[in-house]
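The residues making up each chain are set out below.
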Amino acid sequence: MSILVLGGAGYVGSHAVYQLKDQGYEVVVIDNLQTGHEDAVHPEARLYKGDIRSREFMHSVFEKENIEAIMHFAANSLVGESMVEPLKYFDNNVYGTQVVLEMMKEFGVKHIVFSSTAAVYGEQKVIPITEEALTLPTNTYGETKLAMEKMMAWCEKAFDLRYVALRYFNVASARSDGQIGEDHNPETHLIPVVLEAAIGKRPAVTIFGEDYDTQDGTCVRDYIHVEDLIDAHILALRYLQNGGESNVFNLGSSQGFSVREIVETANAVTGINIPVKMGERRAGDPSTLIASSEKAKQVLGWKPTRTSIHQIVDNAWSWHFQHPNGYQK
Ligand code: UDP
């Protein structure tokens, strides 16, 4: 029996595959390699190149493989892009998930753990944000992830399916042994953008807005180490397999750092005075997102261990410094 990892060549998915392999699981990967990298796929995982939106392709993989459960990371995930190309997000994220659920129904696969996002919450008054907060996305990306969650909930009522939705805050960093890391093209996420400025790949970091209602005027986010994040996925999988009910959990480190604080941390980690420019606000950005992850700790027994922002930036720096062009050889 295998765990099927959708999007297992992408940033978060590839870390999931490595950690599942660390724990002795058989792993099958589906990825269309639009944003993922073949070299990010663990050498002992079977990779099927194709799109989750293709019923024919998905059917062929489900027929060939003996799939016990699914981890679903195959989605577009850029807030800014989602505001300009909303239909791309509905197509890939919502319709893609519909096809996944159709396959689960047809082949009797009952358990799915999938990436949702803090973007489902939008602008919240009460910080840290708990899972009980109202979901009011301020961007299309968050709206499509919320739709995915709701689709699962309705399917659960209709047929035998249980899911765990993990609402990620800001995932960052790289596998601590340096084998895999973050490589988006173009890169838009803050920590890799800052580190690209450190290695001279871009002239400066642009800070998107300094007039937010935060301590230094720049947006505050909760950065979580990708390895801690994946630990929670494996616990969620076991939780479902042990009979746990469908559930939603926040995953963050419960600490907020402003954009300026991230730049300062990167200055300290790299020893480089990273050039900074001020820019306009980015559409769709809430000012502050900080998680309460108490529920994941209590219900799943999750114990994040890599919560120091210094370590998060330092592991990211090791990857970027050693792979200035990412997976490109
Ligand atoms: N950000 C920034 N400059 C950049 C990239 C990001 O100021 O070049 C800010 C962005 O506005 C947000 C925070 O950094 O407040 C984190 O953005 P990122 O894209 O990394 O993650 P998101 O919060 O969109 O998931």
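Keep in mind it's a predicted model, so treat the numbers as computed, not measured.

1. Digging into the packing of aromatic side chains
Next, step 1: Evaluation of the coordinates by the stated rule reveals seven aromatic pairs.
Next, step 2: With a centroid separation of 6.4 Å and 55° between ring planes, the pair formed by Phe 114 and Tyr 163 is classed as tilted. Of this pair, Phe 114 sits in strand E5 (residues 111-117) while Tyr 163 sits in strand E6 (residues 162-168), and the two are 49 residues apart along the sequence. Judged on exposure class, the residue Phe 114 and its partner Tyr 163 are both buried.
Next, step 3: Where Tyr 121 meets Phe 169, the ring centres are 6.4 Å apart and the plane angle is 35°; that geometry is what we call tilted. Of this pair, Tyr 121 sits in the loop between E5 and helix H5 (140-158) while Phe 169 sits in the loop between E6 and strand E7 (170-172); the two residues are 48 residues apart in sequence, bridging distant segments of the chain. As far as burial versus exposure is concerned, Tyr 121 and Phe 169 are alike and both buried.

2. A word on the layout of surface pockets
Next, step 1: Estimates place the volume of the second largest pocket at around 210 Å³.
Next, step 2: Around the second largest pocket sit 17 residues that line it, and Asp 183, His 184, Asn 185, Lys 201 and Asn 325 are the ones nearest its centre.
Next, step 3: Among the residues making up the lining of the second largest pocket, the classes are represented as three nonpolar, eight polar and six charged.

3. Brief notes about the pattern of salt bridges
Next, step 1: Using the criterion set out here, one finds 20 salt bridges in the structure.
Next, step 2: Here Glu 227 makes a salt bridge to Arg 306, at a shortest N to O gap of 3.4 Å. With Glu 227 in helix H7 (residues 226-241) and Arg 306 in the loop between helix H9 (294-300) and helix H10 (309-322), the pair connects residues that are 79 residues apart, well separated along the chain.
Next, step 3: Counted as one network, the salt bridges with shared partners bring together Glu 227, Asp 228, Asp 231 and Arg 306.

4. A closer look at the packing of helix H8 (residues 259-270) against H10
Next, step 1: Two elements in contact, H8 and H10, have axes whose closest approach is 9 Å; the angle formed by their N-to-C orientations is 60°. The angle between H8 and H10 falls in the class oblique. You can see that H8 and H10 cross each other, and the crossing is right-handed. Facing H8, whose interface residues are Ile 262, Thr 265, Ala 266, Val 269 and Thr 270, H10 presents Ile 309, His 310, Val 313, Asp 314 and Trp 317.
Next, step 2: Of the residues in the contact of H8 with H10, the class split is six nonpolar, three polar and one charged.

5. Side note on helix H1 (residues 11-22)
Next, step 1: Under the 1.5 Å per step criterion, the end-to-end length of H1 is 17 Å for 12 residues, consistent within 8% with the ideal 16 Å.
Next, step 2: Counted residue by residue, H1 has 11 buried out of 12 residues, so it is predominantly covered.
Next, step 3: Restricting attention to buried positions, one finds in H1 the residues Tyr 11, Val 12, Gly 13, Ser 14, His 15, Ala 16, Val 17, Tyr 18, Gln 19, Leu 20 and Lys 21.
Next, step 4: Elements in contact with the buried residues of H1: strand E1 (2-6), strand E2 (27-31), strand E4 (67-72), E6, E7 and H7.
Next, step 5: With its phi angle positive at about 90°, Gly 24 sits one or two positions after the end of H1.

The rules behind these values
Residues numbered from 1 in each chain as written. Predicted model: local features only at pLDDT ≥ 70, side-chain atom pairs only at ≥ 80, totals over all residues. Heavy atoms only, no water. Phe/Tyr/Trp six-rings, centres within 6.5 Å; stacked < 30°, edge-to-face > 60°. Helix = DSSP H or I, 4+ residues; strand = E, 2+ residues; numbered from the N terminus. Buried < 20%, exposed > 50% of the residue type's maximum accessible area, 1.4 Å probe, protein only. 1 Å grid on protein atoms, 1.4 Å probe; cavity = no way out; pocket = protein on both sides within 12 Å on 5 of 7 lines; lining within 4 Å. Points joined across faces, edges and corners; volume = space filled by probe spheres on them. Nonpolar A, V, L, I, M, F, W, Y, C, P; charged D, E, K, R; others polar. Salt bridge = Lys/Arg side-chain N within 4 Å of Asp/Glu carboxyl O. Axes fitted to C-alpha atoms, helices over the stretch in contact; angles between N-to-C directions. Parallel < 35°, antiparallel > 145°, perpendicular 65-115°, else oblique. Left-handed = near helix turned anticlockwise from the far one by under 90°. Contact = heavy atoms within 4.5 Å. Expected span 1.5 Å × (residues − 1).

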